[in-house]
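Residue-level structural notes
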There are 2 protein chains.
Amino acid sequence: MNVYEAIRKRRDIRSYYKPDPIPDEVLARILSAAHLAPSVGYSQPWNFIIIKNIEIRKKIKQLVEEERKRFENVLDEERKAIFSKIKVEAILDSPVNIAVTYDPNRFGPNILGRSTMPETSLYSTILAIGNLWLAATEEGIGVGFVSFFNKEKVKEILKIPKEIELVGYLTLGYVREFPKIPELEEKGWNKRLTLSDLVFEDVFGKKPSDKFRLLLDRTFEKIFNNF
Amino acid sequence: MNVYEAIRKRRDIRSYYKPDPIPDEVLARILSAAHLAPSVGYSQPWNFIIIKNIEIRKKIKQLVEEERKRFENVLDEERKAIFSKIKVEAILDSPVNIAVTYDPNRFGPNILGRSTMPETSLYSTILAIGNLWLAATEEGIGVGFVSFFNKEKVKEILKIPKEIELVGYLTLGYVREFPKIPELEEKGWNKRLTLSDLVFEDVFGKKPSDKFRLLLDRTFEKIFNNF
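A brief report on the enclosed structure follows. Just so we're clear, the structure is a prediction, and the values are computed from it rather than from any experiment.

With that out of the way, let us pick up the interface of chain B and chain A. Opposite the 104 residues of chain B that make contact, chain A presents 104 residues. Summed over both sides, the interface of chain B with chain A buries roughly 8,700 Å², with 69% coming from carbon and sulfur. The tally of links from chain B across to chain A stands at 2 salt bridges. Salt-bridge contacts for E119 of chain A lead to K151 of chain B; the nearest nitrogen and oxygen are separated by 2.8 Å.

Residue and element names in this part refer to chain A. In this model, Y42 sits at a positive phi of 60 degrees, which is unusual for a non-glycine residue. Structurally, Y42 can be placed in the loop between α2 (24-35) and β1 (46-51). The phi angle at Q44 is positive, at roughly 40 degrees, despite the residue not being glycine. Within the secondary structure layout, Q44 lies in the loop between α2 and β1. Looking at Q44, the relative accessible area reads 1%, which means it is buried.

It is worth spelling out the pattern of salt bridges at this point. Applying the stated criterion to the full structure yields 28 salt bridges over all chains. Measuring nitrogen to oxygen at the nearest pair gives 3.7 Å for the salt bridge that ties E65 of chain B to K61 of chain B. Of this pair, E65 of chain B and K61 of chain B both sit in helix α3 (residues 54-74), 4 residues apart, roughly one helical turn. Take E65 of chain B: its relative accessible area is 28%, and that puts it in the partly exposed class. A residue is classified by how much of its surface remains accessible, and K61 of chain B, at 23% relative accessible area, is partly exposed. Several salt bridges share partner residues, and in doing so they unite K61, E65 and E89 of chain A into one network.

Our focus in this paragraph is the nonpolar core. In terms of nonpolar packing, the biggest core is built from 96 residues, with L31, F48 and L172 of chain A together with L31, F48 and L172 of chain B touching the most fellow members. Not counting residues within four places of it along the chain, the set of residues in contact with L31 of chain A comprises F48, I50, I98 and L132 of chain A together with L195, V199 and L216 of chain B. Membership of the second largest hydrophobic core comes to 31 residues, among which are I51, I86, V146 and Y169 of chain B.

So, on to the packing of aromatic side chains. Tallied over the entire structure, the rule returns 15 aromatic pairs over all chains. Ring geometry for F145 of chain A versus Y123 of chain B: centroids 6.1 Å apart, planes at 55 degrees, classification tilted. Residue F145 of chain A is found in strand β3 (residues 141-146), and its partner Y123 of chain B is found in helix α5 (residues 120-138); the two belong to separate chains. Pair check on accessibility: F145 of chain A and Y123 of chain B agree, each one buried. Both rings, one in F83 of chain B and one in W189 of chain B, keep their centres 6.2 Å apart while their planes meet at 50 degrees; by these two values the pair is tilted. With F83 of chain B in helix α4 (residues 77-83) and W189 of chain B in the loop between α7 (183-186) and β5 (199-201), the pair connects residues that are 106 residues apart, well separated along the chain. W189 of chain B matches F83 of chain B in its accessibility class, with the two residues each being buried. The aromatic ring of F83 of chain A is capped on one face by R68 of chain A, whose charged end is 4.4 Å from the ring centroid. Over the face of the ring belonging to W133 of chain B we find R10 of chain B, whose NZ or CZ atom lies 4.9 Å from the ring centre.

Right, let's talk about the sheet that holds strand β5 (residues 199-201) of chain A for a bit. Within a sheet, adjacent strands bond to each other through the backbone by hydrogen bonds, running parallel or antiparallel. Read from one edge to the other, the open sheet built from 5 strands follows the order β5(A)-β1(B)-β2(B)-β4(B)-β3(B), with strand pairing classed as mixed. Each edge of the open sheet is held by one strand with a lone partner, namely β5 of chain A together with β3 (141-146) of chain B. Taking each pair of neighbouring strands and ignoring which way they run, the sheet shows an average axis angle of 25 degrees. In the sheet, β5 of chain A pairs with strand β1 (residues 46-51) of chain B via 3 bridges, with the strands oriented parallel. Of the residues in β1 of chain B, the one forming a bridge with E201 of chain A is I50 of chain B. Of the strands in this sheet, β1, β2 (96-102), β3 and β4 (165-174) of chain B are in contact with α5 of chain B, which crosses β4 of chain B at around 0 degrees.

Another aspect to go through is the packing of α2 of chain A against helix α5 (residues 120-138) of chain A. Residues and elements named next belong to chain A. Contact geometry for α2 and α5: axes closest at 7 Å, N-to-C directions at 145 degrees. As for the relative orientation of α2 and α5, their crossing is right-handed in sense. The segment α2 lies against α5, with I30, L31, A33 and A34 engaging A128, N131, L132, A135 and A136. For the contact of α2 with α5, the per-class residue count stands at 8 nonpolar, 1 polar and no charged.

Basis of the calculations
- Residues numbered from 1 in each chain as written.
- Chains lettered and ligands numbered in written order.
- Predicted model: local features only at pLDDT ≥ 70, side-chain atom pairs only at ≥ 80, totals over all residues.
- Heavy atoms only, no water.
- Contact = heavy atoms within 4.5 Å.
- Buried area = accessible area lost by both parts, 1.4 Å probe.
- Salt bridge = Lys/Arg side-chain N within 4 Å of Asp/Glu carboxyl O.
- Helix = DSSP H or I, 4+ residues; strand = E, 2+ residues; numbered from the N terminus.
- Buried < 20%, exposed > 50% of the residue type's maximum accessible area, 1.4 Å probe, protein only.
- Core = buried A, V, L, I, M, F, W, Y, C linked by side-chain atoms within 4.5 Å.
- Phe/Tyr/Trp six-rings, centres within 6.5 Å; stacked < 30°, edge-to-face > 60°.
- Lys NZ or Arg CZ within 6 Å of the ring centre and 35° of its normal.
- Pairing = 2+ DSSP bridges.
- Axes fitted to C-alpha atoms, helices over the stretch in contact; angles between N-to-C directions.
- Left-handed = near helix turned anticlockwise from the far one by under 90°.
- Nonpolar A, V, L, I, M, F, W, Y, C, P; charged D, E, K, R; others polar.

In structure tokens form, the structure reads like this:
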């Protein structure tokens, strides 16, 4: 699977998991891909917690349920009806969860490039998650990025020290399929934006030539449909 | 090039650029890959500013020079000697720069998953940069992530509105090669960490079995050396 194929196949998966376990060899490949991510000043600030323990996962699922209810209450009736059909996590339906953290103090204070932009440690960790996600796609494994909880409470459950940040909580499992259309588009929650509207030339807001805009949209369609 | 190959070939490139222009068709493919990134609540919060204008780039390079001097002054003599050999950007040596921004307000306040973790809009944009970086690698194009400047001053030069965040400033160009070892390792700035030291089981700090740790390190070496 080449890079473009993995990129267009990748989905945030919540509903299509199969119960099959993930072999250790496969997990090791996926984590290797994550560890090959770029990092600011080569600081490699990430850790990966592999969570299979069901009692721990039940506690985290409980936190999601609380936030789900809270979010539902701020929606109007129409949005609420769509939202009720959307699954926000598969913490117990997937065989493996992985929490990804970053340590802002690894290698001390003078990290190259961090001096002016301390947030780049976070960026590095997100890029590790991106690598993990694409490698998982290559392996036929779906990933769901759970963001529907109080992070501090999750940190307590996972015994993550105060000074370490929790960045992502992921569910992983083999999938029956990678659906072509993202679930939120299919269920009418949101639509895909047109690439050419998102690209500017030299300064923010300045549109590129019509010719380049057409090329952008045609290229996107070609990649997206060459499934 | 499969996903693992792109992931292990990808480098943060500052010194190996060729002057050849990047055809629009190739830029369109790379930007399509970025637009296929996951985003919180399908919010697609990114914009891409393609900067070829040399006057704009000279102004940004000037900002980097200022920060470079500031960073150098906090280092001890030994680190300073290593740092003096490290190139921190290729703003003028690369044919294309791309600034990547995010709009925290796109699609309004009730973004699925953003309610509890507003920082996930930023995460989405970083994942778009990750996709762009890997697609560029597939195309033989190196990417450098410049973080050595005052972000607010760059925003002014690029006319980015206050409420829009600047996330990444990238240099892109064809490269003579993707060096096997990251420049910061080769020049003695830092070393690669051992994957098995970064992986925990169920809770933070709990080491996995020796068998799994060995598997992690062997798998990493195999992927890394199968170049």
